[in-house]
Each structure stands twice: as structure tokens, then as C-alpha cells.
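Structural features, examined
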Amino acid sequence: MRILFAFIMLSMLSAIACAEEKNELQMKAESEFNKLDSNQDGLVAKDEAEQNMDLAQSFATVDVDQNGVISVEEYILYKGDAAAAGMKEHRE
């Protein structure tokens, strides 16, 4: 019974740590997005994306809906995919 309880507690702590890390990554991505969004219209246009070479080169892929701008949601997805893939340059 103690082993089961310990396993459940460990699982819960692990889930909490993952949620906190995800939230931290999302907050960092939102902060980066706001810095890129120089005109503060809530979108990153191609010329604004040029502040970040990796983003500029990936612009067409990151712009999931192909409307010519990157939304904060698209940027968070981009950063999350990069982090999940272990691409250090996208996390810094």
C-alpha cells in the first residue's frame, strides 16, 4: 500500500513539475513575442521577424494559417515544438 501511495505522489509531483515548466516556457515565449512585435499590434510581420534569424528563416512554416503574420499562438507553438525537439537555439 505504501508503494502505491508513493507512486501516486511521485506521479502527481511529476505532473505538477511538467505543468509548471510548460507554463514557464509559454510565459517566456509570450515575452519574446512581445519584444518581436515592435508595433505592438499583437502580430509579428515578416519585417519584425527579421530581428530573429531562425524565426525569419522559418516564417512560412511558423505562419500556420498562411495569413502573412505570426500570432502569439503560432509563436508559442513554434517555441514549444523547438523546445520539445531539444533545439537549444530556439529556447534562448
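Described below are features of the structure shown in this document. (Residues numbered from 1 in each chain as written. Predicted model: local features only at pLDDT ≥ 70, side-chain atom pairs only at ≥ 80, totals over all residues. Heavy atoms only, no water.)

Before going further, it helps to spend a moment on the overall build of the chain. Counting its regular elements, the chain contains 5 helices and 2 strands. Helices and strands in the chain line up, N terminus first, as α-β-α-α-β-α-α. The burial tally for the chain puts 25% of its 92 residues in the buried class. Accessible surface for the chain amounts to roughly 6600 Å². Of this, 60% is attributable to carbon and sulfur atoms. (Helix = DSSP H or I, 4+ residues; strand = E, 2+ residues; numbered from the N terminus. Buried < 20%, exposed > 50% of the residue type's maximum accessible area, 1.4 Å probe, protein only. Areas by Shrake-Rupley, 256 points an atom, 1.4 Å probe, with all protein chains shown as cover.)

With that out of the way, let us pick up the pattern of salt bridges. Applying the stated criterion to the full structure yields 1 salt bridge. Among the salt bridges present, the one from glutamate 32 reaches lysine 79, with a minimum N-O distance of 3.0 Å. With glutamate 32 in helix H1 (residues 2–36) and lysine 79 in helix H4 (residues 72–84), this residue pair connects regions lying 47 residues apart in the sequence. (Salt bridge = Lys/Arg side-chain N within 4 Å of Asp/Glu carboxyl O.)

Once that is clear, we can look at the environment of alanine 56. Considering the arrangement of structural elements, one finds alanine 56 in helix H3 (residues 53–62). The spacing of alanine 56 and alanine 45 is 11 residues in sequence and 9.7 Å in space, taken between C-alpha atoms. When near neighbours in sequence (up to four residues on either side) are disregarded, alanine 56 contacts Lys46, Ala49 and Glu50. (Contact = heavy atoms within 4.5 Å.)

Quick look at the packing of aromatic side chains now. Overall, the coordinates contain 2 aromatic pairs when judged by the stated rule. Between tyrosine 75 and tyrosine 78 the ring centres are 5.7 Å apart and the planes differ by 50°, which places this aromatic pair in the tilted class. Highlighted residues: tyrosine 75 and tyrosine 78, both in helix H4, separated by 3 residues, approximately one helical turn. With respect to class, tyrosine 75 is no different from tyrosine 78; both count as buried. Counting every residue linked through ring pairs, the aromatic cluster contains Phe33, Tyr75 and Tyr78. (Phe/Tyr/Trp six-rings, centres within 6.5 Å; stacked < 30°, edge-to-face > 60°.)

Right, let's talk about the side chain of glutamate 74 for a bit. Tracing the sequence through the fold places glutamate 74 in helix H4. Buried charge without a salt bridge: glutamate 74, with lysine 46 as the nearest opposite-charge side chain at an N-O distance of 13 Å. When sequence neighbours within four positions are dropped, the list of residues in contact with glutamate 74 reads Val62, Asp63, Val64, Asp65 and Val69. (Lys, Arg positive; Asp, Glu negative; His and termini not counted.)

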